[in-house]
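Topology and contacts: notes
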Amino acid sequence: MKKFTTLQDTAVPLEVENIDTDQIIPARFLKATDKAGFGENLFKDWRFDKEGKPVEDFTLNQDQYTGSILIAGNNFGCGSSREHAAWALKAYGFKVVVSSYFADIFKGNALNNGLLPVQVSPEFLDELFLAIRKDNKESFKVDLKNQKIEIISSGKSENFAIDPYKKTCLINGFDDIDFLVSKLDAIKKFEEKQTQMREAAIQ
Amino acid sequence: MKKTLFDKIWDAHVVESIPDGPDILYIDQHLIHEVTSPQAFNELKEREIPVFRPNKIVATADHNTPTENQHLPVKDLLSRKQLKELSQNCEENNITLYGLGHPYNGIVHVMAPELGITQPGKTMVCGDSHTSTHGAFGAIAFGIGTSQVTQVFASQCLLVEKPKRLRVNVNGDLKKGVTPKDVILYVISKLGTNSGTGYFCEYAGDVFENMSMEGRMTVCNMSIEMGARGGLIAPDQTTYDYVEGREFAPKGEEFDKLKAYWETLRTDDGAEFDQEYSFDAEDIEPMITYGTNPGMGIKITGAIPVEGGKSDAKALSYMGFKPGESLIDKPINYIFIGSCTNSRIEDFRMAASYIKGKKKAENVNALIVPGSRQVAAQIQEEGLDKVFEEAGFRLRQPGCSACLAMNDDKIPEGEYCVSTSNRNFEGRQGQGSRTILASPLTAAATAVAGKITDFTKSLN
């Protein structure tokens, strides 16, 4: 996994609440057996009409919005557990998703792919949308080490929470698999005592 | 210390707790299917890591499989390739696969319980958010992403933060025509789609105690639709009776021993929850959804709320509905009875009992899709297939089907479908499709009337 420390970039606003993973990547694109190519189908049915023509007023089709930060409405990534949603956002070029709430499984999937979910307060989310509305070339700085997101022009900022373990993983580019494999001895010991534990519970 | 049911199972599976970090949680049972496993197998191969405990994994093919002519090669080339990779991966790694055509094949959350793989006290995961279904047995079961599928392959464990505890109590007597699906749609309509985020939800109260295992599975299945990672119900005699005698359930002395352990799996009196809600069964009526998330539900005779945010306006515009509108008498051309929420034998008995002696309305296209080969066989055994046929319905072969429309079972653009599945997201049942979630009884009544109808008046 690639390391993540800080990022300063412009952002793409998507002011819709409860964006589910079926919108991020529709089920008909889940037939791939590798991780490549999901970017072109990101938000497919919001981005393109039936004939495959870009939908003009959809945010990803508006030239004034650029950058690797996606700022989305409350409860982003609800629904299906498909990690394809995180792969699609990553493949499209997003490195950070900001929202006032993330669904659990999506959040985990994003972190496991080096895509940083930044959860801000509803008030700060409004500030972020407002800043882009004022100037669509507004820059934002996401500082993982200090767990801070900042609007560059105004200097307004907010701290965000992240699991310390996950933070270490992202900063160093580690992933969970190596860590778990290093624990196999402890896992085998746990397996041996599992039956005893059940018997103890009956007492 | 007083413990909740959830704590008891979770704590018994913690291999280690990382200071300031997640727990290493041991997984007793890993279920896999064709859509979310191929990239995990590839990752293992690339890293040269073997599957640690192949005997704790069971695979099925369900998401992209056709529901007609399953004996023929799968027409869709991408689906066929995905299914072939699943077979190869299972073979190479000594994993049991109940593939297309196998008597045990079916939707992962239908076949595992009916085979006795799902048991109280287990930790279970699958690369599918509706894994919460298995919580009906008093198990900790939740959906995971593909990176986590890889982790479980490699170590039979997951690194996860322990969720908080939530309890939803529903007490009282359910009215006639109110099914487990209505109960959970009601709860989600009251609490919203993210109220459960960060929580594991225990369902308690006599409504759940009096439910069959099928009903409990329907409820736990939709826990994820209020954002909860999983839902669970304390095991009781109903649970033990369901599990006993099934193919992979413990037998004889082993069953008795385990049952003694299962009986300890209940929330201690006075144990604390981080959040708790209570509802009265008498307030619940048959439910339908009117929007594009499962929280947008009303009683079937109700009106679409007038107060709503910007996202509600977007949803109503997609659905072609107006605030304040009632959906009674809305013509419906499609109904779907199936999915991991409602495709068990009891669901088809419920639908058939309403349909018997009636005819499907001319305008209605009905998809009736059993959850597994075993359910399909039981439908025949009980003669329900005749009831459906005589009423003008055609039964399909098992699979996820029109719940997520990965195969050919799609609802056309702009059409409404009264569906027993779990998600009414935009385009979920096919591009431009409009889903109205409901119970099998409501779907059956809609099919007969050709429109949404207050069928409770006609129930005896």
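Looking up chain B in an unreviewed UniProt entry gives the name 3-isopropylmalate dehydratase large subunit, with the organism given as Zunongwangia mangrovi. In its Sequence similarities (unreviewed entry) section, the UniProt entry covering chain B states "Belongs to the aconitase/IPM isomerase family. LeuC type 1 subfamily." The UniProt entry for chain B carries the following comment under Subunit (unreviewed entry): "Heterodimer of LeuC and LeuD."

Going by what an unreviewed UniProt entry lists, chain A is known as 3-isopropylmalate dehydratase small subunit and is assigned to Zunongwangia mangrovi. Taken directly from UniProt, the Pathway (unreviewed entry) text for chain A runs: "Amino-acid biosynthesis; L-leucine biosynthesis; L-leucine from 3-methyl-2-oxobutanoate: step 2/4." Listed in UniProt under the heading Subunit (unreviewed entry), the comment for chain A reads: "Heterodimer of LeuC and LeuD."

Some points on the overall build of chain A
The secondary structure content of chain A amounts to eight helices and seven strands. The principal-axis extents of the C-alpha atoms in chain A amount to approximately 65 × 45 × 30 Å. A buried classification covers 54% of the 203 residues belonging to chain A. When the accessible area of chain A is evaluated, it comes to approximately 8,800 Å², of which 47% is carbon and sulfur surface.

Section: the domain arrangement of chain B
Residues and elements named next belong to chain B. On domain assignment, one finds that chain B holds domain 1 (5-275) and domain 2 (289-458). The centre of domain 1, based on its C-alpha atoms, is set 24 Å off from the matching centre of domain 2. With 43 residues of domain 1 in contact, the opposing surface of domain 2 contributes 44 residues. Together domain 1 and domain 2 conceal approximately 3,300 Å² of surface at their shared face, both sides included; 54% is due to carbon and sulfur atoms. Sorting the residues of domain 1 by area buried against domain 2 places T67, I107 and K181 first, and these three jointly supply 19% of that buried surface. In this structure, the connection of domain 1 to domain 2 is made through three salt bridges. Applying the counting criterion to the domain 1 and domain 2 interface returns 24 residue pairs in polar contact (both at pLDDT 80 or more).

Focus on the UniProt feature "domain: Aconitase A/isopropylmalate dehydratase small subunit swivel" (unreviewed entry) in chain A
The positions that UniProt labels "domain: Aconitase A/isopropylmalate dehydratase small subunit swivel" (unreviewed entry) are, in the present scheme, residues 1-122 of chain A. Split by type, residues 1-122 of chain A is 21% helix and 17% strand. Its first and last C-alpha atoms lie 30 Å apart.

A short note on the confidence of the model for chain B
The pLDDT averaged across chain B works out to 97; a share of 99% of its residues lies at or above 70. Here the predicted complex carries an ipTM of 0.94, next to a pTM of 0.96.

Some remarks on the sheet that holds strand β2 (residues 23-26) of chain B
Here three strands make up an open sheet; going across it, the order is β1-β2-β8 (chain B) and the pairing antiparallel. Edge positions in the open sheet fall to β1 (14-17) and β8 (157-160) of chain B, since each of these has one partner strand only. Neighbour-to-neighbour, the strand axes of the sheet open up by a mean angle of 20°, direction not taken into account. Here helix α8 (residues 184-202) of chain A sits on the sheet in contact with β1, β2 and β8 of chain B, set at roughly 135° to β1(B).

Things to note about the interface of chain A and chain B
Contacts between chain A and chain B engage 59 residues on the former and 72 residues on the latter. Together, the buried faces of chain A and chain B total about 5,400 Å²; carbon and sulfur atoms form 56% of this surface. The largest per-residue losses of area from chain A upon contact with chain B belong to A:K31, A:T33 and A:I177, which jointly make up 14% of the total buried on that side. Taken together, the connections running from chain A to chain B amount to nine salt bridges. One salt bridge in this structure joins B:E413 and A:K50, with 3.3 Å as the shortest N-O distance.

A word on the nonpolar core
Membership of the largest hydrophobic core comes to 106 residues, with the highest contact counts inside it found for A:F43, A:I71, A:F76, A:L89, A:V98, A:L116 and A:L128. Broken down by element, this core gets its largest block of residues, seven residues, from helix α12 (residues 345-355) of chain B. Composition of this core by domain shows at least three residues from each of domain 1 (5-275) and domain 2 (289-458) of chain B.

Overview of unusual backbone geometry
Residues and elements named next belong to chain B. Despite not being glycine, N69 shows a phi value in the positive range, around 50°. Checked against the element boundaries, N69 lands in the loop between β4 (57-60) and α3 (77-92). One non-glycine residue, S401, lies in the positive phi region at around 55°. Mapped onto the secondary structure, S401 falls in the loop between α14 (384-390) and β17 (416-419). Since its relative accessible area comes to 0%, S401 is described here as buried.

Quick look at the packing of α8(A) against helix α10 (residues 252-262) of chain B
The N-to-C vectors of α8(A) and α10(B) enclose an angle of 60°; their axes lie 8 Å apart at closest approach. Considering their axes alone, α8(A) and α10(B) lie oblique with respect to each other. Classified by chirality, the crossing of α10(B) by α8(A) is left-handed. Every residue of α10(B) that contacts α8(A) at A:R198, A:E199, A:A201 and A:I202 is listed here: B:K257, B:L258, B:A260 and B:Y261.

Description of the UniProt feature "binding site: [4Fe-4S] cluster" (unreviewed entry) in chain B
Residue and element names in this part refer to chain B. Taking the UniProt record as the reference, the feature "binding site: [4Fe-4S] cluster" (unreviewed entry) is found at C340, C400 and C403. Their sequence span is 64 residues, while the largest C-alpha to C-alpha distance among them is just 8.7 Å; these annotated residues converge on one region. Considering the arrangement of structural elements, one finds C400 in the loop between α14 and β17. Looking at C400, the relative accessible area reads 8%, which means it is buried. Those residues within four positions of C400 in sequence are excluded, and the remaining contacts are D62, H63, I107 and F336. When you line up the elements, C403 lands in the loop between α14 and β17.

A short note on the packing of aromatic side chains
Scanning the model with the defined rule gives 24 aromatic pairs over all chains in all. The interplanar angle of 35° and the centroid separation of 5.9 Å between the aromatic rings of A:F38 and A:W87 together place this pair among those described as tilted. Separated by 49 residues along the polypeptide, A:F38 in the loop between α1 (21-24) and α2 (44-47) and A:W87 in helix α3 (residues 84-92) bring together distant segments of the chain. For the pair A:F38 and A:W87, one class covers both residues: buried. Here the aromatic cluster, defined as three or more aromatic residues joined through ring pairs, consists of B:F6, B:W10, B:F142 and B:F200. The cationic tip of B:R246 hangs over the ring face of B:Y242; the distance from NZ or CZ to the ring centre is 3.7 Å. Lying over the aromatic face of B:Y354, B:K358 brings its terminal NZ or CZ to 4.0 Å of the ring centre.

Here is what the cut-offs are and how they apply
- Residues numbered from 1 in each chain as written.
- Chains lettered and ligands numbered in written order.
- Predicted model: local features only at pLDDT ≥ 70, side-chain atom pairs only at ≥ 80, totals over all residues.
- Heavy atoms only, no water.
- UniProt positions renumbered as here; feature names shortened; annotations may be inferred.
- Helix = DSSP H or I, 4+ residues; strand = E, 2+ residues; numbered from the N terminus.
- Buried < 20%, exposed > 50% of the residue type's maximum accessible area, 1.4 Å probe, protein only.
- Areas by Shrake-Rupley, 256 points an atom, 1.4 Å probe, with all protein chains shown as cover.
- Domains from an automatic or database assignment.
- Contact = heavy atoms within 4.5 Å.
- Buried area = accessible area lost by both parts, 1.4 Å probe.
- Salt bridge = Lys/Arg side-chain N within 4 Å of Asp/Glu carboxyl O.
- Polar contact = N/O pair within 3.5 Å; in protein donor to acceptor, adjacent residues only side chain to side chain.
- pLDDT = per-residue confidence, 0-100.
- Pairing = 2+ DSSP bridges.
- Axes fitted to C-alpha atoms, helices over the stretch in contact; angles between N-to-C directions.
- Core = buried A, V, L, I, M, F, W, Y, C linked by side-chain atoms within 4.5 Å.
- Parallel < 35°, antiparallel > 145°, perpendicular 65-115°, else oblique.
- Left-handed = near helix turned anticlockwise from the far one by under 90°.
- Phe/Tyr/Trp six-rings, centres within 6.5 Å; stacked < 30°, edge-to-face > 60°.
- Lys NZ or Arg CZ within 6 Å of the ring centre and 35° of its normal.

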